[in-house]
Amino acid sequence: MEMSDSEEAASAPKRQKTEENLVTQAQMHAQTMQLHNLREDNDQLTCQVDAYKNENEVLKSEHTEAMTYKDNQLRTIQAAMEAMQKQMLEDQQKLKDTLEQMEKMRFSAEVASRIESATSAAIAREESKVSN
């Protein structure tokens with residue numbers, strides 16, 4: 001069964017339309033697949049961005065906690081140093097007061113010793129006058 005020229009001429013536009021439809025469908029399918037792949041890539045990248053954001057938040061939180069801990073340690077050490085400095089100043093003042101008291105006592109002892117020596121000498125002179 002062979003087709004006549006007129007039948008072939010009538011079926012040629014149908015074949016061309018069918019071929020064009022097949023090409024268009026293939027192009028649409030390729031574009032749909034490309035769009036699907038791009039969406040998958042986008043989803044993966046979005047997940048990665050979210051993971052990085054979460055990791056960043058965790059690191060910020062850890063850093064903040066560490067800084068808070070170190071700040072508290074620093075304040076505690078500073079308070080201890082200030083208390084030690086205050087105690088040292090108080091002890092220095094006590095030592096100074098004690099040294100002043102000791103100097104006064106030494107001076108008083110010297111004065112008492114001189115008075116005693118002078119008194120003993122005066123008594124000895126009086127006794128020698130009386131015995132003469």
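That block above? That's the structure.
A short tour of the structure in this document, coming up. The structure displayed is predicted, hence computed values, not measured ones.

## Some remarks on the overall build of the protein
Looking only at helices and strands, one finds 1 helix and 0 strands in the protein. When each of the 132 residues of the protein is scored for burial, the buried share is 0%. Carbon together with sulfur atoms contributes 57% to the accessible area of the protein, which is approximately 12,400 Å² in total.

## Describing the pattern of salt bridges
Under the counting rule described, the total for this entry stands at 2 salt bridges. Put simply, Arg106 and Glu103 hold a salt bridge, and the shortest N to O gap is 2.4 Å. A residue pair is termed a helical-turn pair when its members lie 3 or 4 positions apart in one helix, as Arg106 and Glu103 do in helix H1 (residues 5-131) at 3 residues. Exposure remark for Glu103: the relative accessible area of 42% places this residue in the partly exposed category. Of the charged contacts in the structure, one is a salt bridge between Arg106 and Glu110, with a shortest N-O distance of 2.3 Å. Taken as a pair, Arg106 and Glu110 lie in helix H1 at a separation of 4 residues, close to a single helical turn. By relative accessible area, Arg106 is classed as partly exposed at 41%. Members of the salt-bridge network, linked through shared partners, are Glu103, Arg106 and Glu110.

## Side note on a nonpolar patch on the surface
Taken together, the side chains of Ile77, Met81 and Met84 define a hydrophobic patch exposed on the protein surface, amounting to about 320 Å² of accessible area. The class of Ile77 is exposed, set by a relative accessible area of 51%.

Cut-offs used in this document
Residues numbered from 1 in each chain as written. Predicted model: local features only at pLDDT ≥ 70, side-chain atom pairs only at ≥ 80, totals over all residues. Heavy atoms only, no water. Helix = DSSP H or I, 4+ residues; strand = E, 2+ residues; numbered from the N terminus. Buried < 20%, exposed > 50% of the residue type's maximum accessible area, 1.4 Å probe, protein only. Areas by Shrake-Rupley, 256 points an atom, 1.4 Å probe, with all protein chains shown as cover. Salt bridge = Lys/Arg side-chain N within 4 Å of Asp/Glu carboxyl O. Patch = residues over 30% accessible without salt bridge, like charges linked within 9 Å, V, L, I, M, F, W, Y side chains within 5 Å.

All quantities given are derived from atomic positions and should not be read as evidence of function.
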